[in-house]
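# Analysis of the macromolecular model
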Amino acid sequence: MINKSFTCNILFLSFLLIQSFQFTSAQYSTVSGKITGVNPLSPPVIRLCHASDSSLVKAAIPDSLGNFEFEGVKKGVFRVFIDQMDYQKFVGEIIDLTSDSSKIQLPEIFLTPASTELGDVVITVKKPFIERKIDRVIVNPDALTGNTGTTALELLEKAPGITVDFNGIISLKGKSGVQVFIDNRPTYMSQEDLAGYLRSLPSNSIASIEIMTNPPAKYDASGNAGIVNIILKKLKEKGFNGGITLSYGQGRYMRSNNSFIFNYRVNKVNLFTTLGWSQNNSYQDLTINRYYYTSENQFSSAFLQNSYIKRENGGRTGKIGMDWYVSKKSTIGVVFSGFYNPSVSETTNSANILAADNSISALVSAYSKSNNLWYNGSANLNYTLKIDSLGKELSINADYIRYTSEHEQTLDNTTRSSGGTLMNSLNLESSLPADIDIKTAKIDYINPLKNNNRVEFGVKTAFVSTDNTADFYDVVNGATTPNYTFSNRFIYEENNNAAYANYAHEWKKFALQLGLRFESIRMHGNQLGNPLVSDSSFTRMYNSLFPTAYFSYTPDSLKNNQIGLSFGRRIDYPNYQDMNPFTYPMDAYTYYGGNPFLKPTFSYNFELTYSYKNAISVTVDYSIVHNLINETNEQVNNIYYSRPGNYGQQTAYGISVSGELNLTKWWNVQYYSELKNIGYSTSIYNQPLVENRWYWYVGPAFKFTITPKLSAELAGSYHTRILSGQFLIIPVGQVRVGLAYKILKEKGSIKFNLSDVFYTAQPGGDIRNIANSKANWVSKMDSRVATFSFSYRFSKGKALNERRSGASDEEKQRVNAH
């Protein structure tokens, strides 16, 4: 791949030298013009061709105002051709450059919308797996066969730079603290709840994934690693249109992910809906070994535990909305969405406790069952006003979102001597309900100015309130009594106000985008007391500025080569539940707690990128993070306490390479690889953590076009050891295969894919930097799954420009319902 890139660059430089030589011996002309009436966010490619045979001379892309120019055109006779989706092909008049004229100004060009009567014609637009913009990378999941019939979380694992651990925690380029958005709206959920939701969301309902390591100023500043914006499919054609995807997968347990989308557009009203139904059953066979030492570093005891966890995760998602096109300039929209996710988890534990001489001193057995119900309802009201044809636009969004969690759990834990004598037992029942209310509103204004200038302004406000109750009961001989050690109630309120400004300017070869965002947040938490524990509360306020900057340079008119530089300052606020100070047991030897002393994370991120067409892109990045919020582990009296904490400083730097190559007409390769150094300089519970490690990740995907209707895919990924706080993750790799066949006049398809063919995607690692202790774990997952899917889509009518709605910017990511 590197040799191919080197060859392409040599050819490009040679081309420039030849053109420079020719320029000195021939007279050149400049042809310029303007095109109006098209979306500036999706500009067409304008081709200058020889009139005699339509062979290409030059190509150009108009700026945000529609202006374009062909420089260095030799004498001849030409025409301008424009092909743009949703418009009829444009063929210009003859352009005669046989005279001595050096500058030609073409008449203004208006494109004619395409006919809405398509009949049975099927138009197939092949999108690349990866697209690049000045401030984001766009992933198109439909480009890969193996993405059908999976979940959104599994899809994210295949996106460049994104890793997902066995708990469903998402990292971007080796860094935690990723904000996940759905349709430009934050998910407002904790990492655990977000993972559960993404497991219930069928990948077939996803149109694209936007990855922003340095998001622009219009997005909330939260998320030190950046933003992953999942755009759901929304049909936009006139008439009645829809699509359905059905799938069934089998590992050790069954999985099924299904989706249905449809819209009906008549006159000025567009109705649309998306429905999803999923059932994903799986298991985890988890082995954890903990070793304890004296202050003199002498081995004293060990806790060797195996847990078999069976999960049954259901998912029901729905969205229904309406756009009313009041006039050509104004649109009112309303969207109602929600999910209903029931789940059951059963955990069977067995453990041996070893004495200093490695003899078994005790046997532990435990059984825990959790019945969870996590559901949500939201409403969005939006208004868009297109002030003029130059692109001035005002948009207003208001959201109301409510989450409810019902969590019932039982825990039975017994400890016996090696001879079988009962030493102690713990029997707990718990009820953990939670309610989260979120109200947000925002206003955005876009104003294109003269000479390729563009400004954007916006304001936003958000009010969040949460109410989390934890009722624990001891069960003895069938009688229950309140357990005030673990029982608590935590009430939290937050108000976040923000304003931003963004400026962009385009020259012929340079582009600039600058942004500044101001955020003011007030947090108030109240821990209600009980007969054993007194009340406690805290109030905090933060006011911060967050600058962003993007620069790009395109040396050639075809935009084959591009260099980009970006910078951004980010923040990561603690999850709502993470600041709850109480502790509750996951088993008798493992407790989880919150941390009311958490500080926000601040990060500074830099990126330098070079890309050649869509064939290769090389990025060098560097970030420094202060007070990183991540999981910490402490042991006290042989009990492990897991809680969120602040890591003083994290640094991350490295290089990544990605792109797409057509090796032959039938063989396409899409690839991503990164080499990264992650380092920490901090102290965790008085234990120093000063260390940095390199890791390497590679994730290629090979697509083979066997016949026009049959295609195959071979893909996989591998990473070396990764340092993540107190955790050192072992190397993990996997291979997946897929087949796809088009049916029903190419309106439908049947697909098969097999994930983790060799059953190697089994994570594990070491837990380190713990006083007088060390630990390791290995996990066997239900990762090898064979999936069959069927997709069918009926579509008729003219596509409309997509409208995105949603006032929310970051609160969803921080919800924790447990």
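Residues numbered from 1 in each chain as written. Predicted model: local features only at pLDDT ≥ 70, side-chain atom pairs only at ≥ 80, totals over all residues. Heavy atoms only, no water.

### As for the packing of aromatic side chains
Aromatic rings considered in pairs are described by the distance between their centres and by the relative angle of their planes. Across all of its chains, the model carries 36 aromatic pairs by this definition. Geometrically, the ring pair formed by Phe181 and Tyr219 is edge-to-face, given 6.0 Å between the ring centres and 75° between the ring planes. Of the two residues, Phe181 is situated in strand 14 (residues 178-182) and Tyr219 in the loop between strand 16 (206-212) and strand 17 (226-232); the sequence distance between them amounts to 38 residues. Summarising the burial analysis for this pair, Phe181 and Tyr219 share the class buried. (Phe/Tyr/Trp six-rings, centres within 6.5 Å; stacked < 30°, edge-to-face > 60°. Helix = DSSP H or I, 4+ residues; strand = E, 2+ residues; numbered from the N terminus. Buried < 20%, exposed > 50% of the residue type's maximum accessible area, 1.4 Å probe, protein only.)

### Re the pattern of salt bridges
As enumerated under the stated definition, the model contains 17 salt bridges in all. Linking Glu312 and Lys310 is a salt bridge whose minimum nitrogen-to-oxygen distance equals 3.8 Å. The class for Glu312 is partly exposed, based on a relative accessible area of 31%. Overall, Lys310 belongs to the partly exposed group, its relative accessible area being 27%. (Salt bridge = Lys/Arg side-chain N within 4 Å of Asp/Glu carboxyl O.)

### As for the nonpolar core
Counting residues in hydrophobic clusters, the biggest one holds 47 residues, and the most contacted among them are Ile162, Ile170, Leu198 and Ile230. Setting aside residues no more than four positions away along its own chain, Leu198 makes contact with Thr151, Ala152, Leu153, Leu156, Ile170 and Ile230. (Core = buried A, V, L, I, M, F, W, Y, C linked by side-chain atoms within 4.5 Å. Contact = heavy atoms within 4.5 Å.)

### So, the layout of surface pockets
Rolled over the atoms, a probe as big as a water molecule pinpoints where empty space is left. In this structure, the second largest pocket encloses a volume near 240 Å³. As for the second largest pocket, its lining consists of 14 residues, of which Asn595, Arg643, Pro644, Gly645 and Tyr685 are closest to the centre. Those elements that provide at least two residues to the lining of the second largest pocket are strand 37 (639-662) and strand 38 (667-684). Sorting elements by how many residues they give to the lining of the second largest pocket places strand 37 first, with 4 residues. Class assignment for the residues of the lining of the second largest pocket results in 6 nonpolar, 7 polar and 1 charged. (1 Å grid on protein atoms, 1.4 Å probe; cavity = no way out; pocket = protein on both sides within 12 Å on 5 of 7 lines; lining within 4 Å. Points joined across faces, edges and corners; volume = space filled by probe spheres on them. Nonpolar A, V, L, I, M, F, W, Y, C, P; charged D, E, K, R; others polar.)

### Digging into the sheet that holds strand 14
Spatially, 6 strands are ordered 10-11-16-17-14-15 in an open sheet, and the strand pairing comes out mixed. On the outer flanks of this sheet lie strand 10 (130-132) and strand 15 (185-186), each paired with one strand and no other. Pairing analysis gives 6 bridges linking strand 16 to strand 17, with the strands arranged antiparallel. Counted as the bridge partner of Ile209 is Ile230 from strand 17. (Pairing = 2+ DSSP bridges.)

### Remarks on the confidence of the model for the protein chain
Mean pLDDT over the protein chain stands at 85; residues scoring 70 or higher make up 88%. Averaged pLDDT values for the elements of the protein chain fall to 39 in helix 1 (residues 2-23) and rise to 96 in strand 39 (residues 687-698). Taken together, the stretch residues 115-125 has pLDDT below 50 and engages in 11 contacts with residues farther than four places along the chain or on a different chain. In this model residues 809-813 is a low-confidence stretch, pLDDT under 50, and it forms 47 contacts with partners more than four residues away in sequence or in other chains. (pLDDT = per-residue confidence, 0-100.)

### Here's the deal with the environment of Leu514
By secondary structure assignment, the location of Leu514 is in strand 30 (residues 510-528). The residues touching Leu514, leaving out its near neighbours within four places in the chain, are Ala501, Asn502, Tyr503, Thr548, Ala549 and Phe551.

### Side note on the pairing of strand 33 (residues 583-587)
Sheet faces and side chains relate simply in a regular strand, where the side chains alternate between the two faces. Examined bridge by bridge, strand 33 and strand 34 (residues 590-593) share 4 bridges and lie antiparallel to one another. Paired with Thr583 across the bridge in strand 34 is Gly593. Taking the residues between adjacent antiparallel strands as the criterion, strand 33 and strand 34 are bridged by 2 residues.

### Some points on the environment of Thr760
By secondary structure assignment, the location of Thr760 is in the loop between strand 45 (748-754) and strand 46 (764-770). Judged by its relative accessible area of 38%, Thr760 falls in the partly exposed class. Thr760 sits 24 residues away from Arg784 along the chain, and the two C-alpha atoms are 8.9 Å apart. Those residues within four positions of Thr760 in sequence are excluded, and the remaining contacts are Val732, Gly733 and Gln734.

### Considering unusual backbone geometry
Despite not being glycine, Asn297 shows a phi value in the positive range, around 65°. The residue Asn297 is located in the loop between strand 20 (269-293) and strand 21 (299-325) in this model. Unusually for a residue other than glycine, Lys745 sits at a positive phi of about 55°. The topology assignment puts Lys745 in the loop between strand 44 (732-743) and strand 45. The exposed category is assigned to Lys745, whose relative accessible area is 66%.

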